[in-house]
Amino acid sequence: MRNWTCSIAAVTAVFLSGGAVYAQERQPAPEPQRIRVSVERMNGKDWVAVNPATVFNQGDRVRFHITTNFGGFLYVMNASTSRSYDLMFPRSDTGMDNKIEANKDYVVPATQQGYFRVAGPPGQDIVYWMVSPVDMGRQYMPLPPPPKPGAVPPELKPRCDDSFFKARGECIDTSAGVKPVKPGENLPENLGSVAGATPRELIFIQENGQAKESVTLSSPSPLTGPVVYELRLSHR
């Protein structure tokens, strides 16, 4: 697991006033707050990290990893191609403890041998991730509310990008994967009131070279409220 902790040497400023010499220690700039997310697919008996924009097949078993360099709380919801909107985490069968600590790797679902199975009509499920430095349950009661039918993702058919397919033998849908919430985007009711807190300067960085098996979200300024982003899961 990557350790994002880094040290920044303090800078000492020296100035004169009335013949006296004063030294003032400048405070180091705050470290960017980061969220790293990756997707794994079961391959035989092993979990293998894959590009989040992979086009999955019916019945594929998947799970997610998330690591942050700050403490907070995690909520995950899914708008599926079956025209349903469900809380994925926290809940009784995927783990109820949604508190996360800095620099620790968390698996969703947070249960032993747990996974999600890809199902539903071909298209893109939209998995909404909300990471908050504060417990949202104390501000919004409850969060999220009971799922409501009809929160339907856009009709986006899975498609393979030819350049990826030819180069690596993989089916990658470049419209899928980890995405920012676009300004004015129509969000599910329980997220619409908090999406405005998502910093517009949030930077999405794909990692691990050509494979691009993880994405890091970086905020140059400290987060004071929730961050909402999407993982568009494309499947046949």
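Residues numbered from 1 in each chain as written. Predicted model: local features only at pLDDT ≥ 70, side-chain atom pairs only at ≥ 80, totals over all residues. Heavy atoms only, no water.

Draft legend 1. Region of interest: the overall build of the protein. When its secondary structure is counted, the protein shows 2 helices and 16 strands. Here the contacts in the protein between residues at least 6 apart in sequence split such that 74% fall between residues at least 24 apart. Accessible surface, the protein as shown: approximately 12600 Å² in total, 51% of it carbon and sulfur. (Helix = DSSP H or I, 4+ residues; strand = E, 2+ residues; numbered from the N terminus. Contact = heavy atoms within 4.5 Å. Areas by Shrake-Rupley, 256 points an atom, 1.4 Å probe, with all protein chains shown as cover.)

Draft legend 2. Summary view of the pattern of salt bridges. Counted according to the given criterion, the structure contains 5 salt bridges. Linking R41 and D60 is a salt bridge whose minimum nitrogen-to-oxygen distance equals 3.6 Å. Here D60 lies in the loop between β5 (55-56) and β6 (61-68) and R41 lies in strand β3 (residues 33-43), a separation of 19 residues in the sequence. On the basis of relative accessibility, which here comes to 14%, the residue D60 falls in the buried class. Its salt-bridge partner being R91, residue D93 comes within 2.5 Å of it at the nearest N-O pair. On the basis of relative accessibility, which here comes to 48%, the residue D93 falls in the partly exposed class. (Salt bridge = Lys/Arg side-chain N within 4 Å of Asp/Glu carboxyl O. Buried < 20%, exposed > 50% of the residue type's maximum accessible area, 1.4 Å probe, protein only.)

Draft legend 3. Spatial organisation of the packing of aromatic side chains. Taken as a whole, this structure holds 3 aromatic pairs when the rule is applied. Between F64 and F116 the ring centres are 6.0 Å apart and the planes differ by 40 degrees, which places this aromatic pair in the tilted class. Here F64 is found in strand β6, whereas its partner F116 is found in strand β11 (residues 116-117), with 52 residues between them in sequence. You can call F64 buried: its relative accessible area is 1%. Between F64 and W129, the ring centres sit 5.4 Å apart and the planes meet at 90 degrees, which makes this aromatic pair edge-to-face. (Phe/Tyr/Trp six-rings, centres within 6.5 Å; stacked < 30°, edge-to-face > 60°.)

Draft legend 4. Structural view of the side chain of R63. By the element assignment, R63 lies in strand β6. Here R63 falls in the buried class, since its relative accessible area comes to 18%. For R63, the side chain forms a polar contact with the side chain of E40, separated by 2.6 Å. In this structure R63 touches S38, V39, E40, W47, V107, V108, P109 and G114, once residues within four positions along its chain are discounted. (Polar contact = N/O pair within 3.5 Å; in protein donor to acceptor, adjacent residues only side chain to side chain.)

Draft legend 5. Geometry of the side chain of N78. Among the secondary structure elements, N78 is positioned in strand β7 (residues 72-79). A relative accessible area of 11% places N78 in the buried class. Here the side chain of N78 touches D125 through a polar contact of 3.2 Å, side chain to side chain. Sequence-distant contacts of N78, that is, excluding residues within four places in its chain, are made with S84, Y85, D86, M88, D125, I126 and V127.

Draft legend 6. Seen up close, unusual backbone geometry. Put simply, F89 and P90 share a cis peptide bond, and its omega is 0 degrees. By secondary structure assignment, the location of P90 is in the loop between β8 (85-89) and β9 (99-100). Along the chain, V108 connects to P109 via a cis peptide bond; the corresponding omega equals 5 degrees. With respect to the element layout, P109 can be found in the loop between β10 (106-108) and β11. Unusually for a residue other than glycine, R83 sits at a positive phi of about 70 degrees. The phi dihedral of Q113 falls on the positive side, at around 60 degrees, and the residue is not glycine.

Draft legend 7. Here's a closer look at the confidence of the model for the protein. Here the protein shows a mean pLDDT of 79. Residues at 70 or above account for 72%. Ignoring residues within four places in sequence, the model shows residues 1-19, a span with pLDDT below 50, making 38 contacts including any to other chains. (pLDDT = per-residue confidence, 0-100.)

Draft legend 8. Up close: the pairing of β7. The buried fraction of β7 is high, at 8 of 8 residues. For β7 and β9, the ladder comprises 2 bridges, and the chain directions are antiparallel. Across the sheet, the residue bridging to F73 is K99, located in β9. Bridge count between β7 and strand β12 (residues 123-132): 7 bridges; the pairing is antiparallel. Within β12, the position partnered with Y75 by the bridge is M130. Pairing of β7 with β8, which is carried by 4 bridges, proceeds in the antiparallel orientation. (Pairing = 2+ DSSP bridges.)

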